[in-house]
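Each chain is listed here by its residues.
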Amino acid sequence: MSLDAKIPKGPLAEKWSKHKFDLKLVNPANKRKYDIIVVGTGLAGGAAAASLAELGYNVKAFCFQDSPRRAHSIAAQGGINAAKNYQNDGDSVYRLFYDTIKGGDYRAREGNVYRLAEVSVNIIDQCVAQGVPFAREYGGLLDNRSFGGSQVSRTFYARGQTGQQLLLGAYSALNRQIHLGKVKMYTRTEMLDVVTIDGHAKGIVTRNLINGEIETHGGHAVLLATGGYGNVFYLSTNAMGSNVTAAWRAHKRGAFFANPCFTQIHPTCIPVTGDHQSKLTLMSESLRNDGRVWAPKTVEIAEKMRKGQLKAADIKEDDRDYFLERKYPSFGNLVPRDVASRNAKEMVDDNRGVGASGIAVFLDFADAIHRLGKDAVAAKYGNLFDMYYQITNEDPYTQPMRIYPAVHYTMGGLWVDYNLSTNIPGLYALGECNFSDHGANRLGASALMQGLADGYFVIPYTLGDYLATIGPKPVDINHPAFEKTKQEATALINKLLSLKGTRTVDDYHRSLGHIMWEYCGMARTEEGLTKAKGLISELRADFWKNVIVVGENDEVNPALEKAGRVADFLELGELMVDDALMRRESCGGHFRLESQTPEGEALRDDDNFAFVAAWEYKADNQPEVLHKEVLDFEFVHLTQRSYK
C-alpha cells in the first residue's frame, strides 16, 4: 500500500497557508449537523474539543480520569517552545524547524515540522489570552529559558508547572463549551474499540469504569488524543493510568502504527530505588539550564562515595568529570535528551555512578547558587527542588541531585498524514498518540507545543475537509457494525474475567518492563532484541493461561482495567522489538550498538532507513506487514548530527 502523506507542494514557508486555502470548508449552519468524538482530554484532546465546539460542531469528549484536568499533560514541567525571538538571540521559525529536524535525527517530515514551528508563535498568544500565567521578566514581558538541543532561549514556562497551567487554560475553554451544551463530557469512561463502516470510522465502544456498562457512540469522525505508550516499560515518568489501549485497538482495526521503537529516555529523572516502585519521577529538563551534570573522574572515588566514605562536597573540582561540558563544548549540559541519557549510562557502565546503587550521576546547582543566589534559584525551580526533597529527603540547595535516565515520551504512534488523518478515513490522531513531528528524538518543551498545535491550530482546519466530503447525513447507530463491535469488546472483557490463574496483572507488567528496558531500552543489539522477542512471546502466552483477574465487570474494577491494558502492552512490546530489529541503524532514541561512530554517537544509515516504518496489523499471532513512507529532505541537508 502506498502511503500518501499529503504534504503540499511549494516553498516550505507557504505550504500550510496554501493548504489551508485548498481545504474544503463546512459552512457555519452545517457545522451543527456534525457529531465529533474526541477521546482523551489532555492538551491535544482538550484543545481540539473546545476549538471544534467553538466552531459549532457537536462534540462528545471521553476520558478515563474523573476530570479532564487530571490528564497526564498536567505533569509536564519545564516549558513550551515557540519561535517568538523575544530574547533577540537569533531565533526564528526556520531555526526552530531546523533544531527540531536535527534533534529528531532526520527522521521526521519537513512539512509537518515546519508547520509546527510556524504555528508555535500563535500558541503563546492563545494561552496568554486564556490567562496562562507564564513567567515574566521584571518589566512584565514574557520570560524565556533554554532547553536541550538549542542554542537560543525559546521556552516559555510557568515555573515548573507549565503543563498544569496550559491544561487549565484548555480545560477552561472546554468547560465553557460544556456549559453551552456543545460538548458532552464523559468522564471515567474508557474506549475499548473503534467502529468502522465501509472502511470509515463512525464511532467507538466504551466501558463505564463505575458500573461496567458497555456503550456505543456514533460520530462523523473520531479523534484520538490519548497520549503515549511509555508504560510498556512499566517504570516510566508517565502516570500509572497512561496506556496504549485506544491507539492499539484502532491499530487492530486497520490503522497503521508508525516507528514504535522510537522511545525517548529522559536524562533527568530521580533514580530507581527498588522493585517496590510503580513509577518514576521526572526532574524538569529546565534544571539543566543552571545545573551541571558530573560524575567522579575515577572508579576509586566513585566506590568511596557509594560506600558513604565521601560526600559530593568532599570531591575537589579536579576530581569531577563534567562529562557533557567536556564532550560537547558548544551545547554543554543542554545537549538533546538522547545524547545526555547515553552519556549518563556510559558513566554508570564505567563504574563511576553515584548513590548507594551506583546507578546515578549528579546534577549540581552549587555554581548557580553562588552566582545567582539561593533566592533567585528558588524562584526558578523552587517547586522542583521541593518535590525532589520530598521524595529523596535530600536538600538540592546544599547537595547535588542524583539523576538517571528513565522512559519518558514515545515518538512513535499511529501513522497520520499532513491532515492528522490515519489511513482509516474519519479516524484522526493528535498529540503524542501520533508519530508525526519528532522523528527519532523529541526536543524538550516540544510535547506541549505539538499537543496544542494539533488541537488549536491544525485539526480545526483539516477535519472540515473530510466532513465536507462525506456530508452531514446522520450516523446510523443502529448499523450492525456497532452491535458487532460491542459484542467483540464484551467478549474480550469476559475472557479476561474468566482468567483465574496465580500471577497478578502487575507481575506480568513488571516482567514485560524488565524485558523492554534490558533489551529495547537505551542500547539495543540484534542478539538482545532477538532474545526479547522470544521472551515477550512466552510471557504473552503465559499471561493468557496464568494471570488472575479478580472482580466482576459491573463494578469499579481496576484489575480488569489493568488486564486489558497490559494485554495490549504485551502485543505492542513485540511490535516495538520487531521495529527495532528491522531498523539496523542508530538514530536519536533508537541506539543500536552495532551502528555507532568512533566517538560513540548514533550512526544513521540514510541510504537504507530514511523512511517512516508504518506497520499493518493482520491477525493475532501473525507477523505485521511493514509499509515504508520515504522521507524526502528537500530543504535540510542530511548530515551527521553533532553537538560538539
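Preceding this section is the structure that the text describes.
To start, this report covers the structure provided alongside it. Remember, it's a predicted structure, so these values are computed and weren't measured experimentally.

Cut-offs used in this document
Residues numbered from 1 in each chain as written. Predicted model: local features only at pLDDT ≥ 70, side-chain atom pairs only at ≥ 80, totals over all residues. Heavy atoms only, no water. Helix = DSSP H or I, 4+ residues; strand = E, 2+ residues; numbered from the N terminus. Rg over C-alpha atoms; globule rule 2.2 N^0.38 Å. Buried < 20%, exposed > 50% of the residue type's maximum accessible area, 1.4 Å probe, protein only. Areas by Shrake-Rupley, 256 points an atom, 1.4 Å probe, with all protein chains shown as cover. Lys, Arg positive; Asp, Glu negative; His and termini not counted. Charge placed at Lys NZ, Arg CZ, Asp CG, Glu CD. Polar contact = N/O pair within 3.5 Å; in protein donor to acceptor, adjacent residues only side chain to side chain. Contact = heavy atoms within 4.5 Å. Pairing = 2+ DSSP bridges. Axes fitted to C-alpha atoms, helices over the stretch in contact; angles between N-to-C directions. Disulfide = S-S within 2.5 Å. Right-handed = clockwise from strand over helix to strand, strands pointing away. Parallel < 35°, antiparallel > 145°, perpendicular 65-115°, else oblique. Nonpolar A, V, L, I, M, F, W, Y, C, P; charged D, E, K, R; others polar. Phe/Tyr/Trp six-rings, centres within 6.5 Å; stacked < 30°, edge-to-face > 60°. Lys NZ or Arg CZ within 6 Å of the ring centre and 35° of its normal.

Quick word on the overall build of the protein
And step 1. Counting its regular elements, the protein contains 18 helices and 19 strands.
And step 2. Taken against the 2.2 N^0.38 rule, which gives 26 Å for 644 residues, the C-alpha radius of gyration of the protein at 24 Å falls within 12% of a compact globule.
And step 3. For the C-alpha atoms alone, the extent of the protein along its principal axes is close to 75 × 60 × 50 Å.
And step 4. Within the protein, the proportion of its 644 residues that are buried is 61%.
And step 5. Taken as a whole, the protein presents about 24400 Å² of accessible surface, with 50% of it coming from carbon and sulfur.
And step 6. Taken as two groups, the 74 positive and 78 negative side-chain charges of the protein have centres that lie 3 Å from each other.

Some points on the side chain of Asn81
And step 1. Structurally, the position occupied by Asn81 is in strand E3 (residues 80-81).
And step 2. Residue Asn81 is classed as buried on the basis of its relative accessible area, which comes to 4%.
And step 3. A polar atom in the side chain of Asn81 sits 2.9 Å from the backbone oxygen of Gly444.
And step 4. Within the structure, the side chain of Asn81 is placed 3.2 Å from the side chain of Ser446, a separation counted as a polar contact.
And step 5. Ignoring any residue separated from it by four or fewer positions in sequence, one finds Asn81 in contact with Ser120, Arg154, Thr155, Gly444, Ala445, Ser446 and Met449.

A word on the sheet that holds strand E8 (residues 214-218)
And step 1. If you trace the three strands from one edge of the open sheet to the other, you get E6-E7-E8, paired in antiparallel fashion. Each having just a single partner strand, strand E6 (189-197) and E8 make up the two edges of the open sheet. The sheet shows a mean angle of 25 degrees between the axes of neighbouring strands, taken without regard to direction.
And step 2. Bridge analysis of E6 against strand E7 (residues 200-208) gives eight bridges, and the strand direction is antiparallel. For Met191, the partnering residue across the bridge sits in E7 and is Thr206.
And step 3. In the packing of helix H14 (residues 480-497) onto the sheet, contacts are made with E6, E7 and E8, and the angle to E6 comes to roughly 140 degrees.

Description of the state of the cysteines
And step 1. For the coordinates displayed, the defined rule picks out zero disulfides.
And step 2. Of all cysteine sulfurs in the structure, the one in Cys520 sits closest to Cys261, which takes part in no disulfide; the separation is 6.5 Å.
And step 3. Free cysteine: Cys587, not disulfide-bonded; nearest cysteine sulfur from Cys261 at 6.8 Å.
And step 4. Using a relative accessible area of 0% as the deciding quantity, one classes Cys587 as buried.

Side note on the pairing of strand E11 (residues 263-269)
Sheet faces and side chains relate simply in a regular strand, where the side chains alternate between the two faces.
And step 1. In terms of burial, E11 is a largely internal element, seven of the seven residues being buried.
And step 2. Here five bridges tie E11 to strand E15 (residues 401-410), and the two strands are oriented antiparallel to one another. The partner of Cys269 across the bridge, within E15, is Tyr404.

Concerning the pairing of strand E1 (residues 35-39)
And step 1. Across the five residues that make up E1, a large majority, four, are buried.
And step 2. Where E1 lies against strand E2 (residues 58-62), five bridges are found, and the strand directions are parallel. Bridge pairing in E2 links Val38 to Ala61.
And step 3. The β-α-β motif built from E1, the intervening helix H3 (residues 43-55) and the parallel element E2 has right-handed crossover chirality.
And step 4. Of the strand pairs in this sheet, E1 and strand E9 (residues 221-224) are connected by four bridges, and their pairing is parallel. Among the inter-strand pairings, Val39 is bridged to a residue of E9, identified as Leu224.

Some remarks on the packing of helix H5 (residues 110-130) against helix H13 (residues 447-470)
And step 1. Contact geometry of H5 with H13 gives a least axis separation of 9 Å together with a crossing angle of 80 degrees. By the angle class used here, H5 and H13 are roughly perpendicular. Note on element contacts: H13 touches H5 through Met449, Gln450, Leu452, Ala453, Tyr456, Phe457 and Val458, opposite Arg115, Leu116, Val119, Ser120, Asn122, Ile123, Gln126, Cys127 and Gln130.
And step 2. Its residues placed into classes, the contact of H5 with H13 shows 10 nonpolar, five polar and one charged.

Some words on the packing of aromatic side chains
And step 1. On inspection of all chains with the given rule, the structure shows 23 aromatic pairs.
And step 2. Plain terms: the ring middles of Tyr34 and Tyr57 are 6.3 Å apart, the flat faces sit at 70 degrees to each other, and that makes the pair edge-to-face. Of this pair, Tyr34 sits in the loop between helix H2 (28-31) and E1 while Tyr57 is found in the loop between H3 and E2, placing the two residues 23 residues apart along the sequence. Each member of the pair, Tyr34 as well as Tyr57, carries the same accessibility label: buried.
And step 3. A network of ring pairs unites the aromatic residues Phe365, Tyr381, Phe385 and Tyr397 as a single cluster.
And step 4. In this structure, Arg292 packs its charged tip against the face of Tyr322, placed 3.8 Å from the ring centre.

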